[in-house]
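Here's the letter readout for the chains.
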Amino acid sequence: MDLHNLLPSKEEVMRVLAKPAHELPAMPPVAVRLLRLTGSEDAGAIDLVRVVETDPAIAARVLKLINSAGFALPHAVSSLAHAVVLLGFSAIRAIALDVALFERLTAKKAGGVFDRNHFWQHCLAVASLGRAIARSVDYPDPEEAYAAGLLHDLGKIVIEACGRVRYHDFLEHLPRIGGNQLIAAETGLIGMGHHSLGAWFAARWQFPPTITAVILGHHLSRTPPGLTERESLLTAIIALADFLTWGQGLGSVTVPALPPLHPEIERRIPLAKLDFGELLTEMDREVRDVGLFYHCSFPSSHEFRANLLRTSIELGRHLRPGGGGSCATPGRSFTVAHRSLLADEIIPATLQAIRQDFHFDRIHYLEIGAAERSLGRIAVEPAFAPSPPCLATLEVGDSPAVINCLRGAAPVVVTDGHAGDSRLLDCLACGEIGMAPVLAQGKSRGLILVDNWLSGQPLSGEDMRAIAIVAAEMGAALENARLYEEAQGRAERDGLTGLYNRATIEGKLIDLVGRGDEVSIGLLDIDFFKRFNDTYGHQTGDAILRLIAAAMKKLSRPGDAVGRYGGEEFLILLPATPNAHACRFGERLRAEIENLGHLLRRRFPRCPLTVSIGVATLTAETDTHNQLLEAADQALYRAKHAGRNRVVSAHRFHEVPRTAAAGSP
C-alpha cells in the first residue's frame, strides 16, 4: 500500500527537527542495498561481499568482528568473502546498519538516560526474537523480520541526532510531566512520536515498504488501514518481539514502561502455541556473537524469562482497552443489579438476590486488583458468614480453576484436583465451590464464589449457568456505574487539560474557606501565551496548556487541587498551607516550568515558556473566597508588571526570590 498518506508532512517533521531540510542526514546507499539484498531469494554471498567492499568502515568492522575473541577461530580471517560466509547475512546487516546509520548519526557513548549501547542491545534483541517468531509462524521471509526489528525504533536515534528536543533531554524531563506512556509523552514534549518520525525517514531513505509499515505501526493502538496481510503480520511479529523484550528489562531506554499488547498480535499469532523458552534460546544464540562485539550482556536464565513473558502477555492484554474474552449471554429475568448506578449498592444487592433465589449458604464477590494478578474480597453474603483471610488477596495464578474461569469466561465447579484448588477448598472449609466470572465489556472484573459450606448440598451445573447470567448482568451494571462516575467526573473537568474546570475548582475553594481551615492559593498565568497561538498555531497552544497542566499535577501533593481557571490561567488550592510554604511551592513550580521552557526553546525559539504566579493566603483581611481570589489576582498582576517569570505573594506584595532553573545560561 501507499503509506505516504499515513505519514506526517514534511512541514510537521521540520517543526520538530533542529536542522533545515538540506542538512538532514541521508541514508548511505550501501545500507539501503544491504536491506534489499539480504531479503532477496536470488542474493548470494558474493553479492553481499561486493556491497560490503564498497564501504571501508563496514568492511573493517566485519573483519574485526570475525577475528574477535567471541569466535575463537584458530587462524585470522583476512578475506571478506570468508568472513561473510562465517557471519551470515544477519550479522553483516547488523554491522552495516550500526556503522552506516546509528554510529554516523550519533556518537557512540555509553551511559546517561539515553545509552546508545543499551539502545543497540534492544534493537539486536528485537531483531533476533522477531526472526525467531517469524520462523515459528511461517512468515515467508524471517530475514525481513530481522531487519525490521533492527530498525523499529529508528525515530529515537533521529530525534537524538536532529531533534529540537533531543531524546536524552526528553527522558530527563519525563518524570516532571509524569506518565509512562512514551508515545503520548513524546508527542507532548517533542511534538511527534518516534514511530511517526522514524517512518517518515524510512520512506525518505526508500526503505522497503514492509519495514516502513512496521516502524509506523508497531506502537499504534490499531494497525493502519490498508496494510497487506504480509505487512500486518510483520507488524504484529515485531510488536510482540518489542513487547517481550521490554518485559525482560531489555527496553531501548531505562524508563520503566511496558507497552500495551498490540491488538494485531492475538489476531495473527497463536500465542498459546509459541515455545517462549525455545524462542529466547534462539535469540540468545543469534545475538551472542554480535552482542559480545558490542559489549551487550543478556540475562542467562531463559526459564525465568519465559515465565516472565507469559505473565507480561496477560498484563498487556488487560492494559489494552477491550482486552479479554467474550461476554456471556445476558439473562432477561435478573434485573436487580440495574436498580442502582452506584457500585456500593449494586454488589450487595446482587449477592442478596442470588442467595434468596438459589439458597446458597455463602456467596463472595472478589474483584480483580489493579495489577491484574490478584483478587481481593469485596463482599460476602450473608454479612455474618465467615470469610477466610485467604480471600483477602487471592493470587490468580495459584488456582487453575480461577484461571480457567477468568480466561474461559464461563462458570466452573471446583471439587478437587490441583494443589492450588485444594488449598482454596481447605481455606473455605468446604468440599465444593462454584465460580462465575463478572465481565464488563469482555474484560474480567471479578468472580462470584458460591458454596454450601454448612449444608453440604452439591452444586448443579444448571445453577452455575444461571449464576453466570446474573454475573454478566452484574458486570454490565458495574460498567454502567463506572461510566456514570466518569460522566460525573467529565462534568467537573476541563476537556483539554483534564484539570478541574472553573466551577469545580471554585466550589472546592468555597468549601475550604467555609470550613475556616488554613488555605493558600496560587493563581498561575502563562507569560505571553498569545504568542504561541499567533506564531505556531492553536494546536501548539493547546499542547502547551496540556504540558503546564501535567507539570502542575506532577508537583502537587495528594491533598491539593488544581484547576483551569480560564484561558491560560490556572488556580491551585493548597489546604493547610501557610503563606511561606505556598510561596516555596509556587517558586518550585515556576522553576520547573522555566526548566521545561529551556528544553523547548529549540522547538519554539520565538516563544520562551515561563509563568507568573500570584500567591494569597486566607487571613482576617481576605476571609471570603472572592477576597482571596482578588488578592491572588493582584499579586499576579504585580508579578507580570515586574517583568513576568516570577512569584509574588499578596502578603505585602512580597516577591519570592527566584531559584536558577536547570539549563539556564
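Here the residue numbering is sequential within each chain, running from 1 through the sequence in written order. Predicted model: local features are reported for residues with pLDDT of at least 70 only, side-chain atom pairs are reported and counted for 80 or more only, and whole-chain, interface and lining totals are derived from all residues. Side-chain numbers here rest on the full set of heavy atoms in the structure, without hydrogens or water.

### Structural notes on the environment of Ala471
Defined as follows: Numbering of helices and strands runs from the N terminus, with a helix taken as a DSSP run of H or I at least four residues long and a strand as a DSSP run of E at least two residues long. Relative accessibility decides the category of a residue: with a 1.4 Å probe and only protein chains considered, values under 20% of the type maximum give buried, values over 50% give exposed, and everything between is partly exposed. By definition, residues are in contact when any of their heavy atoms lie within 4.5 Å.
Here Ala471 lies in helix 21 (residues 461–492). Overall, Ala471 belongs to the buried group, its relative accessible area being 0%. Expressed as a C-alpha distance, the spacing of Ala471 and Leu351, which sit 120 residues apart in the sequence, is 9.6 Å. Setting aside residues no more than four positions away along its own chain, Ala471 makes contact with Ala436, Pro437, Val438, Leu439 and Ile448.

### So, unusual backbone geometry
The omega torsion of the bond from Glu381 to Pro382 falls at -5°, within 30 degrees of zero and hence cis. With a phi close to 60°, Ala429 is a non-glycine residue in the positive phi region. With respect to the secondary-structure elements, Ala429 resides in the loop between helix 20 (419–428) and strand 5 (433–440).

### Description of helix 19 (residues 400–408)
Under the convention used in this document: The directions from the helix axis to the C-beta atoms form the arc being described.
Of all the residues in helix 19, the buried ones are Ala401, Val402, Cys405 and Leu406. For helix 19, the buried positions fall inside an angular range of 125° around the axis, keeping them on one side. Residue Ala409 follows helix 19 closely and has a positive phi angle near 50°.

### Remarks on a nonpolar patch on the surface
Condition: Here the term patch refers to residues with relative accessible area over 30% and no salt bridge, with like charges joined within 9 Å and nonpolar side chains (Val, Leu, Ile, Met, Phe, Trp, Tyr) within 5 Å. Note on areas: these come from Shrake-Rupley sampling with a 1.4 Å probe, and a residue is covered only by the protein chains present in the view. Whenever Lys or Arg places a side-chain nitrogen within 4 Å of a carboxyl oxygen from Asp or Glu, that contact is recorded as a salt bridge.
On the surface, a cluster of nonpolar side chains totalling about 260 Å² of accessible area is made up of Leu341, Leu342 and Tyr484. Its location among the elements puts Leu341 in the loop between helix 17 (302–319) and helix 18 (343–358).

### Here's the deal with the sheet that holds strand 12 (residues 654–655)
Across a sheet, strands are paired by hydrogen bonds formed along the backbone, either parallel or antiparallel in direction. Definition in use: Only strands that DSSP links by at least two bridges are regarded as paired with each other.
Overall, mixed pairing links the six strands, which are arranged 8-9-7-10-11-12 in an open sheet. Strands with a single pairing partner mark the edges of an open sheet, and in this sheet they are strand 8 (561–566) and strand 12. Where strand 8 meets strand 9 (residues 569–575), five bridges bridge the pair, whose relative direction is antiparallel. Bridged to Val562 within strand 9 is Ile572.

### Quick notes on the nonpolar core
Test applied: Remark: nonpolar core denotes a set of buried residues (Ala, Val, Leu, Ile, Met, Phe, Trp, Tyr, Cys) joined through side-chain atoms within 4.5 Å.
Among the nonpolar cores identified, the biggest contains 105 residues, and Phe170, Ile269 and Ile548 are the most heavily contacted of them. When near neighbours in sequence (up to four residues on either side) are disregarded, Ile269 contacts Ile133, Val137, Leu233, Ala236, Ile237, Leu240 and Leu274. Judged by nonpolar contacts, the second largest core, of 24 residues, contains Val438, Val450, Met474 and Ala477.

### A few points about the sheet that holds strand 1 (residues 362–368)
Note the cut-off: Think of each axis as a best-fit line through the C-alpha atoms, taken over the contacting stretch in the case of a helix, with angles from 0 to 180 degrees between the N-to-C directions.
Spatial ordering of the open sheet is given by 3-2-1-6-5-4, a layout of six strands whose pairing is antiparallel. Since the sheet does not close on itself, it has two edges, and those belong to strand 3 (394–395) and strand 4 (412–414), each with one partner. As paired strands, strand 4 and strand 5 are joined by three bridges and run antiparallel to one another. Counted as the bridge partner of Val412 is Met435 from strand 5. Sheet strands in contact with helix 18 are strand 1, strand 2 (374–381) and strand 6 (443–451), and its direction is about 60° off that of strand 2.

### Here we look at the state of the cysteines
The line we're drawing: Two cysteine sulfur atoms form a disulfide, by the criterion used here, when they sit within 2.5 Å.
The tally for this structure, following the rule as stated, stands at one disulfide. Shown here is the disulfide that connects Cys390 with Cys427, its sulfur atoms set 1.4 Å apart. Across the S-S bond linking Cys390 and Cys427, the dihedral sits near -75°, which makes this disulfide left-handed. Of the two residues, Cys390 is situated in the loop between strand 2 and strand 3 and Cys427 in helix 20; the sequence distance between them amounts to 37 residues.

### As for the confidence of the model for the chain
What counts is decided by this rule: What pLDDT conveys is the predictor's confidence in a given residue, as a value from 0 to 100.
Here the chain averages 80 in pLDDT, while 78% of its residues score no lower than 70. Low pLDDT (under 50) marks residues 298–305, which in the prediction has 17 contacts with non-local residues, meaning those over four places away or in another chain. Segment residues 317–333: pLDDT under 50, and 29 contacts once partners within four positions in sequence are set aside and those in other chains are kept.

### Digging into the packing of helix 22 (residues 502–515) against helix 26 (residues 625–641)
To keep it simple, the criterion reads: Residue polarity follows a fixed list, in which Ala, Val, Leu, Ile, Met, Phe, Trp, Tyr, Cys and Pro are nonpolar, Asp, Glu, Lys and Arg are charged, and the others, Gly among them, are polar.
Packing of helix 22 against helix 26 leaves a shortest axis separation of 9 Å and a crossing angle of 115°. The segment helix 22 lies against helix 26, with Glu506, Leu509, Ile510 and Val513 engaging His625, Leu628 and Leu629. Considered class by class, the residues forming the contact of helix 22 with helix 26 number five nonpolar, one polar and one charged.

### Some details on the pairing of strand 2
Regular strands place their side chains on alternate faces of the sheet. Sheet topology note: the strand 1/strand 2 ladder contains six bridges and is antiparallel. Following the sheet pairing, Glu367 is matched in strand 2 by Gly376. Bridge count for strand 2 against strand 3 is two bridges, and the pairing is antiparallel. Pairing of Leu375 across the sheet is with Leu394, part of strand 3.

### Notes on helix 20
When helix 20 is considered as a whole, its buried residues turn out to be Gly420, Asp421, Ser422, Leu424, Leu425 and Leu428. At its buried positions, helix 20 is contacted by strand 1, strand 3, helix 19, strand 4 and strand 5. A positive backbone phi angle near 60° is found at Ala429, which sits one or two residues after helix 20.

### A look at the pattern of salt bridges
Across all of its chains, the model carries 15 salt bridges by this definition. In this structure, Arg230 engages Glu144 in a salt bridge whose closest nitrogen and oxygen atoms are separated by 3.0 Å. One end of the pair, Arg230, is in helix 14 (residues 229–247); the other, Glu144, is in helix 8 (residues 142–151), with 86 residues separating them in the sequence. By relative accessible area, Arg230 is classed as partly exposed at 36%. Residue classification places Glu144 among the buried positions, given a relative accessible area of 11%. Here Lys640 ties to Asp525 by a salt bridge, and the two come within 2.7 Å at their closest N and O atoms. Of this pair, Lys640 sits in helix 26 while Asp525 sits in strand 7 (residues 519–526), and the two are 115 residues apart along the sequence. Across the pair, exposure class does not vary: Lys640 and Asp525 are buried alike.

### A look at the packing of aromatic side chains
We apply this condition: Any two of the Phe, Tyr and Trp rings considered here, Trp counted by its six-membered ring, make a pair once their centres fall within 6.5 Å; the pair's planes then place it as stacked at under 30 degrees, edge-to-face at over 60, or tilted in between. Over a ring means this: the NZ of a Lys or the CZ of an Arg is within 6 Å of the ring centre and within 35 degrees of the ring normal.
Evaluation of the coordinates by the stated rule reveals eight aromatic pairs. Both rings, one in Phe358 and one in Phe360, keep their centres 5.9 Å apart while their planes meet at 15°; by these two values the pair is stacked. The class of Phe358 is buried, set by a relative accessible area of 17%. Between Phe529 and Phe532, the aromatic rings sit 6.5 Å apart at their centres with planes inclined by 35°, giving tilted as the arrangement. Taken together, the residues span about one helical turn, with Phe529 and Phe532 both in helix 23 (residues 529–536) at a distance of three residues. Aromatic rings pair up to connect Trp200, Phe201, Trp205 and Phe207 into one cluster. Between the NZ or CZ atom of Arg531 and the centre of the ring of Phe528, over which it lies, the distance is 4.0 Å.

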